Amino acid sequence: MTSRILVSLRVDATPERAFTAFVRDIGLWWRPNALFQFSPGAPGMLRFEQGPGGRFTETYVDGRVFEIGRILVWEPGRRLVFSWRQASFTPDQATEVEVRFDPVDDQTRVTVEHRGWDSVPQQHVARHRFPDGIFLQRHGEWWQALLGAYRGTARFDG
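Let us look at the structure shown here. Note that residues are indexed from 1 along each chain, following the sequence as it is written. Local features in this predicted model are restricted to residues whose pLDDT is 70 or higher, and side-chain atom pairs enter the listing and the counts only when it is 80 or higher, whereas totals over whole chains, interfaces and linings include all residues. Side-chain calculation: all heavy atoms of the structure are included, whereas hydrogens and water are not.

### Overview of the sheet that holds strand 7 (residues 107-115)
Right, so step 1: Reading across from one edge, 1-7-6-5-4-3-2 is the order of the 7 strands in this open sheet, with antiparallel pairing throughout. Pairing within the sheet leaves two strands with one partner each, and these edge strands are strand 1 (4-11) and strand 2 (45-48). Strand-to-strand twist across the sheet, computed as the mean angle between neighbouring axes with direction ignored, equals 20°.
Right, so step 2: Strands are labelled as partners when DSSP assigns at least two bridges between them. Only DSSP runs of H or I covering at least 4 residues are called helices, and only runs of E covering at least 2 are called strands; the numbering of each starts at the N terminus. The pairing of strand 4 (residues 65-75) with strand 5 (residues 79-84) spans 4 bridges and is classified as antiparallel. By the bridge assignment for strand 5, Glu 75 is matched with Arg 79. Comment: axis = line fitted to C-alpha atoms, over the contacting stretch for helices; angle = value between 0 and 180 degrees taken between N-to-C directions.

Shown next as C-alpha cells:
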C-alpha cells in the first residue's frame, strides 16, 4: 500500500461552498510550515487555477512562481485532485492530494488524502529522514491544522 495521509473534518457549509472556500480562499486559510515548505525561503501566496490541467502555484514576493502541481480532477462541490511536488523532488518523485466534499446532514465532510509518499525516499530532505510512520504522522498533524484554519473560511455566511 502507498504511503498516505488521511484526515477529515466537518464544516458548516454546503459541499459547493466548501469546495469554493478550499480553492478560491486557500490564501486565507493556508498556514505555512517551515518543516514542509515547497521551496527554500519565505513562503508565498498559494493559488489554484480553475479546471482540469490548471496549476497549483506559490507566488513569492519577488514575483517568482513555483508550480506545486496540476489539477487532475475538478468536480466542484464533489472532488478535487491535484499533484504535489516540492522544489527538491526529482522528476520521478511526486505525490497527489485528493479532497472530497461529502454532504452529511446540513454540513459537509471534507476529507484530504495525500498519497504517494513512497515515491520520496526516507533520506530525502522533504522527509527530514523521519521513518515513514513518524513522517506521515507529522505531515498528517499539519494537514489537520490546515483544515482547522480552513473550517472558519468555509462556514456559511450570516
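### Re the packing of aromatic side chains
Both the distance between ring centres and the angle between the ring planes are used here to describe each pair of aromatic rings.
Right, so step 1: Two rings from Phe, Tyr or Trp (for Trp, the six-membered ring) form a pair when their centres are within 6.5 Å of each other. A pair whose planes differ by under 30 degrees is stacked, one over 60 is edge-to-face, and the rest are tilted. In the structure shown here, the tally under the stated rule is 20 aromatic pairs.
Right, so step 2: Note on Phe 22 and Phe 48: the rings are 6.3 Å apart at their centroids and 35° apart in plane angle, and the pair reads as tilted. Of this pair, Phe 22 sits in helix 1 (residues 15-24) while Phe 48 sits in strand 2, placing them 26 residues apart in sequence.
Right, so step 3: Buried residues are those whose accessible area, probed at 1.4 Å on protein chains only, stays under 20% of the maximum for their type, while exposed residues exceed 50% and partly exposed ones sit between those limits. The exposure class of Phe 48 is buried, given its relative accessible area of 7%.
Right, so step 4: With centroids separated by 5.3 Å and ring planes inclined at 80°, the aromatic side chains of Trp 30 and Trp 142 adopt a geometry described as edge-to-face. Separated by 112 residues along the polypeptide, Trp 30 in the loop between helix 2 (26-29) and strand 2 and Trp 142 in helix 3 (residues 132-154) bring together distant segments of the chain. You'll find Trp 30 and Trp 142 in the same group, each marked buried.

### Thoughts on the packing of helix 1 against helix 3
Right, so step 1: Packing of helix 1 against helix 3 brings their axes to within 10 Å, and their N-to-C directions diverge by 120°. Crossing angle aside, the handedness with which helix 1 passes helix 3 is right-handed. Residue-level contacts link Arg 17, Ala 18, Phe 19, Ala 21 and Phe 22 of helix 1 to Trp 143, Leu 147, Tyr 150, Thr 153 and Ala 154 of helix 3.
Right, so step 2: Its residues assigned to classes, the contact of helix 1 with helix 3 shows 8 nonpolar, 1 polar and 1 charged. By the definition used in this description, the sense in which the near helix is turned from the far one sets the handedness, with an anticlockwise turn below a right angle giving left-handed and a clockwise turn giving right-handed. The contact definition used throughout considers only heavy atoms, calling two residues in contact when any of these lie within 4.5 Å. When residue character is reported, Ala, Val, Leu, Ile, Met, Phe, Trp, Tyr, Cys and Pro are called nonpolar, Asp, Glu, Lys and Arg charged, and the others, Gly included, polar.

### Digging into helix 1
Right, so step 1: Across the 10 residues of helix 1, 7 count as buried, placing the element largely inside the fold.
Right, so step 2: Taken together, the buried positions of helix 1 are Pro 15, Arg 17, Ala 18, Phe 19, Ala 21, Phe 22 and Val 23.

### Some remarks on the pairing of strand 4
Right, so step 1: Pairing between strand 3 (residues 55-59) and strand 4: 5 bridges, direction antiparallel. Considered in strand 4, the bridge of Glu 58 is made with Phe 66.
Right, so step 2: Between the end of strand 3 and the start of strand 4, which pair antiparallel, lie 5 residues, with Gly 63 showing a positive phi angle near 95°.
Right, so step 3: Joining the antiparallel neighbours strand 4 and strand 5 is a turn of 3 residues, in which Gly 77 adopts a positive phi near 80°.

### What about the pattern of salt bridges?
Right, so step 1: Here, a salt bridge means any Lys or Arg side-chain nitrogen found within 4 Å of an Asp or Glu carboxyl oxygen. Using the criterion set out here, one finds 16 salt bridges in the structure.
Right, so step 2: Put simply, Arg 78 and Glu 75 hold a salt bridge, and the shortest N to O gap is 3.2 Å.
Right, so step 3: Judged by its relative accessible area of 56%, Arg 78 falls in the exposed class.
Right, so step 4: A network of salt bridges, in which partner residues are shared, links Arg 4, Glu 75, Arg 78, Arg 79, Glu 96, Glu 98, Arg 100, Glu 113 and Arg 115.

### Topic: the environment of Arg 31
Right, so step 1: Among the secondary structure elements, Arg 31 is positioned in the loop between helix 2 and strand 2.
Right, so step 2: Once the C-alpha coordinates of Arg 31 and Ala 145 are considered, the two residues, 114 residues apart in sequence, prove to be 8.1 Å apart.
Right, so step 3: Excluding anything up to four places from it in sequence, Arg 31 contacts Trp 142, Leu 146 and Ala 149.
Right, so step 4: From its side chain, Arg 31 meets the backbone oxygen of Leu 28 in a polar contact 3.0 Å long.
Right, so step 5: Counting of polar contacts relies on pairs of N or O atoms within 3.5 Å, with two restrictions inside protein: one atom must be capable of donating a hydrogen and the other of accepting it, and residues adjacent in sequence are counted only when both atoms are side-chain atoms. Among the polar contacts made by the side chain of Arg 31, one reaches the main-chain carbonyl oxygen of Trp 29 at a distance of 3.1 Å.

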